[in-house]
Amino acid sequence: MMDEKLLEIKNLTIQYKTDNGIVHAVENLDLELGNGETLGFVGETGAGKTTTALGILQLVPEPAGRIVGGEIFFKGEDLLAKSKSEMKSILGSKIAMIFQDPMTSLNPVITVGEQIQEMILLHEKISKEEALEKAKKMLEVVGIQGSRHDEYPHQFSGGMKQRVVIAIALSCNPVLLIADEPTTALDVTIQAQVLDLMKKLKDEFQTSMVMITHDLGVVAEICDKVAIIYGGNVVEYAPKEALYTKPYHPYTEGLFNSIPDLDSEQDRLNVIDGLPPDPTDMPTGCAFHPRCPHAMAKCAKERPPKFQVGEGHYVNCYLYEKSMNGRV
Ligand code: SF4
């Protein structure tokens, strides 16, 4: 069932208390993910992508970080009402996360086989021997010989380590996999291999996925839907094809214009003018207004709500206030 909701986030607000003031990392964010879908979560560094993911998992670093408001439903259950121990059992068995740097997830002094085995034993009532056999199979699934189960992380290359992390994440067959820039730390050819593997595994295991990235190329490869995030909020949400055919939000347009065109002789990239907002001092109204070439007086006053511009395609921008399909 592709359109049944798996994850639904409403009005999520997450803040960090710092010496420089309150960081408004995520502000009233709404988001949905259907069963079996892969959602690309795209934006610049500091836009709130990772914080949102940590919020879903209730891993926002405390005491500085805090979920100040909102709701997160996973398969209809309110995750924010769960206790720490309930969340712990959901993590891994139903939701798994892959981080950018595999070394933050792997323990350097435990063999890779034991690390996969440990994860399996946390969630499945099977013997150690059976779990080890399953761990070897998981290594094979991600393209590593099962016989290498007794090697340590340092004996593997960066791309292989990320494959081990993927094996750990998938070993309990989670319903939702959140991948935070999983290929950024790898070199380009390895990136392509890991992405191909994730695509294959997504189909094989029918796992839904949130793919956090700043790279529209990665989204084009693997995602069904895309949420563009700016200043801690989703500013455009659309099926991938619709977004790539016609991006509506001025920030999304800017992102697409800043992709280098290899056929063009132009030697300068069209970067978006201005700087991302300071999260301790967010602009009033639309967070993009200080950089927006189309900003109007009201843009600085009130935050634009969501307007529908096509089937399943929404944009938070006053340019689309009165029109279903085009600018006012
Ligand atoms: Fe630009 Fe206004 Fe739209 Fe914001 S709401 S993106 S400032 S036109």
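Refer to the preceding data block for the structure.
Draft legend 1. Representation of unusual backbone geometry in the model. A cis amide bond links Glu-62 to the next residue, Pro-63, at an omega of 5 degrees. Within the secondary structure layout, Pro-63 lies in the loop between α1 (49-56) and β4 (65-74). Here Asn-173, not a glycine, exhibits a phi torsion of approximately 55 degrees, which is positive. Tracing the backbone shows Asn-173 in the loop between α6 (158-170) and β7 (176-180). With a relative accessible area of 45%, Asn-173 lands in the partly exposed category.

Draft legend 2. Representation of empty space enclosed by the protein in the model. Following the criterion strictly, the structure yields two cavities of 30 Å³ or more and no others. Considering only enclosed or pocket space, the largest cavity measures out at about 80 Å³ in volume. Around the largest cavity sit 14 residues that line it, and Cys-286, Cys-292, Cys-299, Cys-317 and Tyr-318 are the ones nearest its centre. As for the second largest cavity, its lining consists of Ile-166, Leu-170, Leu-177, Met-198, Leu-201, Lys-202, Thr-207 and Met-209. Taken together, the elements giving at least two residues each to the lining of the second largest cavity come down to α6 and α7 (188-205). Take the lining of the second largest cavity: its biggest share by element is three residues, from α7. Residues of the lining of the second largest cavity, tallied by class, amount to six nonpolar, one polar and one charged.

Draft legend 3. Structural view of the layout of surface pockets. Of the volumes computed, that of the largest pocket is approximately 720 Å³. Contributing to the lining of the largest pocket are 25 residues, with Leu-91, Gly-92, Met-119, Leu-122 and Ile-168 lying nearest its centre. Taken together, the elements giving at least two residues each to the lining of the largest pocket come down to α2 (84-93), β6 (95-98), α3 (102-105), α4 (112-123) and α6. Here the lining of the largest pocket gets six residues from one element, more than from any other, and that element is α2. When its residues are assigned to classes, the lining of the largest pocket shows 14 nonpolar, eight polar and three charged. As for the second largest pocket, its lining consists of 19 residues, of which Asp-30, Leu-31, Val-234, Lys-306 and Asn-316 are closest to the centre. Per-class residue counts for the lining of the second largest pocket are eight nonpolar, four polar and seven charged.

Draft legend 4. Representation of the sheet that holds strand β1 (residues 5-18). The four strands lie next to each other as β2-β1-β4-β5, forming an open sheet whose pairing is antiparallel. The two strands at the open ends of the sheet, each matched to only one other strand, are β2 (21-34) and β5 (77-78). Examined bridge by bridge, β1 and β2 share 10 bridges and lie antiparallel to one another. Bridge pairing links Ile-14 to Val-26 in β2. Its contacts with the sheet place α1 against β1, β2 and β4, and it is angled at close to 115 degrees to β1.

Draft legend 5. Inspection of the packing of aromatic side chains at higher detail. Under the criterion given, the structure shown has five aromatic pairs. Between Tyr-230 and Tyr-251, the ring centres sit 4.6 Å apart and the planes meet at 55 degrees, which makes this aromatic pair tilted. Here Tyr-230 is found in strand β9 (residues 225-230), whereas its partner Tyr-251 is found in helix α10 (residues 250-257), with 21 residues between them in sequence. Comparing Tyr-230 with Tyr-251, the two get one shared label, buried. Between Tyr-230 and Phe-288, the ring centres sit 5.1 Å apart and the planes meet at 85 degrees, which makes this aromatic pair edge-to-face. A residue pair is termed long-range when its members are at least 10 positions apart, and Tyr-230 in strand β9 and Phe-288 in the loop between α10 and β11 (307-310) qualify at 58 residues. As far as burial versus exposure is concerned, Tyr-230 and Phe-288 are alike and both buried.

Draft legend 6. View of α6. Taking 1.5 Å per residue, 13 residues should reach 18 Å; α6 reaches 19 Å between its end C-alpha atoms and fits that length. Burial of α6 is extensive: 11 of the 13 residues sit out of reach of the surface. Along α6, the positions that sit buried rather than exposed are Gly-159, Lys-161, Gln-162, Arg-163, Val-164, Val-165, Ile-166, Ala-167, Ile-168, Ala-169 and Leu-170. Elements that come into contact with the buried residues of α6 comprise β6, α3, α4, α5 (128-141), β7 and α7.

Draft legend 7. Summary view of α5. Over its 14 residues, α5 extends 20 Å from the first C-alpha to the last, a length consistent with the 20 Å expected when each residue adds 1.5 Å. Immediately beyond the C-terminal end of α5, within one or two residues, lies Gly-143, with a positive phi of roughly 85 degrees.

Draft legend 8. Broad picture of the packing of α6 against α7. Contact geometry for α6 and α7: axes closest at 10 Å, N-to-C directions at 15 degrees. In terms of orientation, α6 and α7 fall into the roughly parallel class. Handedness of the α6/α7 crossing: right-handed. Packed against α6, whose contacting residues are Gly-159, Gln-162, Arg-163, Ile-166 and Leu-170, the element α7 presents Ile-190, Gln-193, Val-194, Leu-197, Met-198, Leu-201 and Phe-205 at the interface.

Rules used throughout
- Residues numbered from 1 in each chain as written.
- Predicted model: local features only at pLDDT ≥ 70, side-chain atom pairs only at ≥ 80, totals over all residues.
- Heavy atoms only, no water.
- Helix = DSSP H or I, 4+ residues; strand = E, 2+ residues; numbered from the N terminus.
- Buried < 20%, exposed > 50% of the residue type's maximum accessible area, 1.4 Å probe, protein only.
- 1 Å grid on protein atoms, 1.4 Å probe; cavity = no way out; pocket = protein on both sides within 12 Å on 5 of 7 lines; lining within 4 Å.
- Points joined across faces, edges and corners; volume = space filled by probe spheres on them.
- Nonpolar A, V, L, I, M, F, W, Y, C, P; charged D, E, K, R; others polar.
- Pairing = 2+ DSSP bridges.
- Contact = heavy atoms within 4.5 Å.
- Axes fitted to C-alpha atoms, helices over the stretch in contact; angles between N-to-C directions.
- Phe/Tyr/Trp six-rings, centres within 6.5 Å; stacked < 30°, edge-to-face > 60°.
- Expected span 1.5 Å × (residues − 1).
- Parallel < 35°, antiparallel > 145°, perpendicular 65-115°, else oblique.
- Left-handed = near helix turned anticlockwise from the far one by under 90°.

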